[in-house]
Amino acid sequence: MTQKSKGNRFLNGVLLVTVATFIGKVLSALYRVPYQNMTGDLGYYVYQQVYPFYGAAMVVSLYGFPVVIAKMVTEAELKNGDKEALETALASFVLLSIFHFVLFFVLFFSAPIIANWMGDVKLTTPLQIISVVFLFVPFFSSMRGFFQGIGDMHSTAVSHLTEQFVRVACILSFAAFVVYAGKDAYAAGIGAALGSILGGGAGVLYLSYRVFRSRPSFVSLSFQRVKNRVREMTTTLFVQGFLIAMTSMMFILYQMVDAFTLPRLLQASGLGALDAKELKGVFDRGQPLLQFGTVIASTFAMVIVPLIHREITENNMARSRYFGGLAVRVALLIGAAAAIGLCLIAEPVNMMLFENKEGTIFIRILAFSLIASGVITTTSAVMQGHNDFVRPAFFLLLGLLVKAVGNTLFIPLSGGVGAAIATVIGFVVTAGSNVYVIYHKNWMDFPPLRWLWKMGKALFFMGIFVYGLLTLLEWIVPDGRVGATIISLVVASIGAWMFLQFTIQFSLFTKEERVRLPLLSQMERYIRRKES
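In this report, the structure presented in the accompanying data block is examined. (Residues numbered from 1 in each chain as written. Predicted model: local features only at pLDDT ≥ 70, side-chain atom pairs only at ≥ 80, totals over all residues. Heavy atoms only, no water.)

The next thing to look at is the overall build of the protein. Across its full length, the protein holds 23 helices and zero strands. Looking at the protein residue by residue over its 532 residues, the buried ones come to 55%. Surface exposure of the protein reaches about 23,000 Å², of which carbon and sulfur atoms provide 68%. (Helix = DSSP H or I, 4+ residues; strand = E, 2+ residues; numbered from the N terminus. Buried < 20%, exposed > 50% of the residue type's maximum accessible area, 1.4 Å probe, protein only. Areas by Shrake-Rupley, 256 points an atom, 1.4 Å probe, with all protein chains shown as cover.)

As structure tokens, this is what we get:
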């Protein structure tokens, strides 16, 4: 195989993984809606208390460890051939198995303590079941890392989609069965945990099938060399693996802070135990909307990141700074538009998705975190492109600390509103810190004031248009869930179209930039006609 064909195969593989990841994130955000509709706010609360543990395990086994292992496998294959590449993957499996078995053991047997910290001892069984997912991490990480290291991205993409589709199908099926059988919310939580385990098992089975289909020769391996590799890679694998995965765990870590603080602080403020749990479920309605909004903003911006890496590799720092600035501009613009739009249509969207308007104020406040979340994802990728892995993780932890302190201070004063405000402040701290470092390291061209002014005008006119259309439709369309669905879909669709029109009208992107961006590139022919 020629170098060019290898490169094309790799790029096609990266595109496939990107598409699979996007589908997985959208699926992960959307299935929570029918789950909440079936199990209610209390059932959703139980699920959201347990989910962060599963989410953290899956993130490190998709975005963290496989990336580091793939790099090690590639280097081993180039130096000493396929045999050492396989030994490297096996060494990573041994190392991760030891660590994650201990993690499983600790979580399983400390589940009653963790549930007590959360203020709900009934969470013990769901936590114990979800702890099993940590046993899948060594399999996912080592096999994905091995395949990516030898240029096979297909296996990673398909294993991720297999895991997601099986998990979602099982969770919703178990939820429907539990509701039909008349069981309580905690039974639904147990079903969700079991569904996650089955999804993980399906992903591992697919990867195992791919491994044995490739017919690796384990007989000729030197287990002494495997043992040596375990000692050599320990620090690199864990430090780099966790640092790389940190940004992808952003929402999960914030959810974990809320899981441990929000219900307890609500009860300490005088709210009854059941009311506090249901309010936590209502508060978490915003999570799928934030996740979906961030996916959209990040997808647009992350198209630019490979261009940054290419320019850095070619030592063209001026172009890398330009693309870094473009990525941040895109993330900021899309995130701000999504935040304004969601804030305005939060009430009908809440009614459409979750059957009533409870918690609309939480969604409206949390919407403003979309301005920061896309910037965090993009700026972290830019820093990692410059081999700076420590600061993105540190700034994320700094924002998380601000979030935890904010919860402690604000929840006793204003309940869920305080938790939402703390989330926004934490995100802004991380985003601001990232941008500050990138700008002062001269890794990006800061958006000109003229561009920021034009962005403000585009967002202002979009907001005015959306508010006017929303007011008109609320006067015309009947109340109820069907009416809310019509309003939400019509306003979101037309609002997004008008946002693109204002983006064009105020020339926020040049022709070269539009060609590189999704959707705008498809509109380039229309834009040329409009500009002529």
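Having seen the structure, we can now continue with the description.
Together, V94, I98, F101, V102, F105, V106 and F109 give the surface a local cluster of nonpolar side chains, amounting to about 670 Å² of exposed area. Positionally, F105 belongs in helix α3 (residues 82–109). (Patch = residues over 30% accessible without salt bridge, like charges linked within 9 Å, V, L, I, M, F, W, Y side chains within 5 Å. Salt bridge = Lys/Arg side-chain N within 4 Å of Asp/Glu carboxyl O.)

Turning our attention to helix α10 (residues 250–268). Helix length check: α10, at 19 residues, gives a terminal C-alpha distance of 27 Å against a target of 27 Å (1.5 Å per residue), a fit within 8%. At D258, α10 shows its strongest bend, of approximately 30 degrees. Of all 19 residues that make up α10, 14 are buried, and the element is covered over most of its length. Trailing α10 by a residue or two, G270 shows a phi angle of about 110 degrees, which is positive. (Expected span 1.5 Å × (residues − 1). Bend = angle between axes of the 7 residues up to and from the residue.)

With respect to the element layout, Q36 can be found in helix α2 (residues 32–80). Those residues in contact with Q36 that sit more than four places away from it in its chain are D41, Y44, R285, L353 and F354. (Contact = heavy atoms within 4.5 Å.)

Time to look at the pattern of salt bridges. Taken as a whole, this structure holds eight salt bridges when the rule is applied. One salt bridge in this structure joins K280 and D284, with 2.5 Å as the shortest N-O distance. Note on accessibility: K280 and D284 belong to one class, buried. Between D445 and R321 there is a salt bridge, with the nearest N and O atoms lying 4.0 Å from each other. One end of the pair, D445, is in the loop between α19 (416–440) and α20 (449–476); the other, R321, is in helix α14 (residues 317–344), with 124 residues separating them in the sequence.

Okay, the side chain of N350 next. On the secondary structure map, N350 appears in helix α15 (residues 346–354). The residues contacting N350, other than those within four sequence positions of it, are R285, E355, N356, K357, E358, G359, T360 and I363.

Turning to the packing of α14 against α20, a few remarks are in order. Two elements in contact, α14 and α20, have axes separated by 10 Å at closest approach and are oriented at 25 degrees. Here α20 runs roughly parallel to α14, going by the angle between their axes. Between α14 and α20 lies a crossing of right-handed hand. For the pair α14 and α20, the contacting residues are R329, L332, L333, A336, A337, I340, G341 and L344 in the first and W451, L452, M455, L459, M462, G463, V466, Y467 and L470 in the second. (Axes fitted to C-alpha atoms, helices over the stretch in contact; angles between N-to-C directions. Parallel < 35°, antiparallel > 145°, perpendicular 65-115°, else oblique. Left-handed = near helix turned anticlockwise from the far one by under 90°.)

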